[in-house]
Amino acid sequence: MSLKRHVRTRVTVVRAGDTTTLVSLEGWYGGVLLAPVDTRIVVAAVGMSRHCLPDTQLWVMARHTARAAEDLDLRGWEPCSLPRAA
C-alpha cells in the first residue's frame, strides 16, 4: 500500500506489555483512541527496553481515512527525540 494514503502523526506509549503495546494517537479522536502495536516494533524504533517505554513519544505514519484502531496500518516508526539516558 502506498504511503500517500498515510499521514505522519505523533503517538505516545500508554502501556508496554510483553507482546502488545498500547499507543495513543494525537491526531485521532483527541488522543483517546488507543491502538495495539507489537511491542517489538516500538522497542526496535526507540532502542530501549519495554519497561522504559511508557510516555515515550514517536512519529508514525497512519492511514488518514482510519476510523478505528484496526484500520490505522501504522508504519514508519521513528522516535520524536533521542532516547532518555538510562
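Before going into details, it helps to say that this report is about the structure given with it.

Scoring rules and cut-offs
Residues numbered from 1 in each chain as written. Predicted model: local features only at pLDDT ≥ 70, side-chain atom pairs only at ≥ 80, totals over all residues. Heavy atoms only, no water. Helix = DSSP H or I, 4+ residues; strand = E, 2+ residues; numbered from the N terminus. Buried < 20%, exposed > 50% of the residue type's maximum accessible area, 1.4 Å probe, protein only. Areas by Shrake-Rupley, 256 points an atom, 1.4 Å probe, with all protein chains shown as cover. Salt bridge = Lys/Arg side-chain N within 4 Å of Asp/Glu carboxyl O. Phe/Tyr/Trp six-rings, centres within 6.5 Å; stacked < 30°, edge-to-face > 60°. Lys NZ or Arg CZ within 6 Å of the ring centre and 35° of its normal.

## Details of the overall build of the chain
Scanning the chain from terminus to terminus reveals 1 helix and 5 strands. Seen in sequence order, the chain has helices and strands lined up from the N terminus as β-β-β-α-β-β. Here the chain holds 86 residues, and the buried ones make up 35% of them. Total accessible area on the chain stands at roughly 5,300 Å², and carbon and sulfur atoms take up 53% of it.

## Digging into the pattern of salt bridges
Summed over all chains, the structure comprises 6 salt bridges. Between R50 and D18 there is a salt bridge, with the nearest N and O atoms lying 2.6 Å from each other. In this pair, R50 sits in the loop between α1 (39–46) and β4 (57–63) while D18 sits in the loop between β1 (6–16) and β2 (20–25), placing the two residues 32 residues apart along the sequence. A relative accessible area of 24% places R50 in the partly exposed class. According to the relative accessible area criterion, D18 is exposed, its value standing at 62%. Salt-bridge contacts for R40 lead to D38; the nearest nitrogen and oxygen are separated by 2.7 Å.

## What about the packing of aromatic side chains?
Per the stated rule, a full pass over the model turns up 0 aromatic pairs. Here the basic side chain of R8 rests over the ring of W59, its NZ or CZ set 4.3 Å away from the ring centre.

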